[in-house]
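# Notes for the structure review
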Amino acid sequence: MQMFEQSEVSAELEKRLRAAGLDPADPTVQAVNTIVSGYFAERTAEVLTKVREVLDKVGKDGLH
């Protein structure tokens, strides 16, 4: 499941890179982008998993 449209994310990131004076087409910028994007995708997945665990527990036990 993707939470965001890849094209929207890419367009926004490209806009921000250009505003920071970086060329989104530069191979080094692309490599860093790939690493950072992967990191945040993993972290987001971890957070969503934990949220799901809490919601499942609340669903079973009810609110106290």
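Just above sits the structure.
Predicted model, so just to flag it, every value in this text is computed and none were measured.

What counts and how
Residues numbered from 1 in each chain as written. Predicted model: local features only at pLDDT ≥ 70, side-chain atom pairs only at ≥ 80, totals over all residues. Heavy atoms only, no water. Helix = DSSP H or I, 4+ residues; strand = E, 2+ residues; numbered from the N terminus. Buried < 20%, exposed > 50% of the residue type's maximum accessible area, 1.4 Å probe, protein only. Areas by Shrake-Rupley, 256 points an atom, 1.4 Å probe, with all protein chains shown as cover. Expected span 1.5 Å × (residues − 1). Polar contact = N/O pair within 3.5 Å; in protein donor to acceptor, adjacent residues only side chain to side chain. Salt bridge = Lys/Arg side-chain N within 4 Å of Asp/Glu carboxyl O.

## Considerations on the overall build of the protein chain
For the protein chain, the helix and strand inventory stands at 2 helices and 0 strands. When each of the 64 residues of the protein chain is scored for burial, the buried share is 5%. Here the protein chain displays about 5,800 Å² of accessible surface, and carbon together with sulfur accounts for 60% of that area.

## A closer look at helix α2 (residues 27-61)
Helix length check: α2 (35 residues) gives 51 Å between terminal C-alpha atoms against 51 Å at 1.5 Å per residue, within 8%. For α2, the capping residue at the N-terminal end is Asp26, with a side-chain oxygen 2.8 Å from the backbone nitrogen of Thr28.

## Some words on helix α1 (residues 6-19)
The terminal C-alpha atoms of α1 lie 20 Å apart, and with 14 residues this matches the ideal 20 Å at 1.5 Å per residue to within 8%. Directly after α1, the chain includes Gly21, whose backbone phi takes a positive value near 85°.

## A word on the pattern of salt bridges
Taken as a whole and assessed by the stated rule, the structure comprises 4 salt bridges. Glu46 is the salt-bridge partner of Arg43, the closest N and O atoms lying 3.2 Å from each other. With Arg43 and Glu46 both in helix α2 and 3 residues apart, the pair spans about one turn of that helix.

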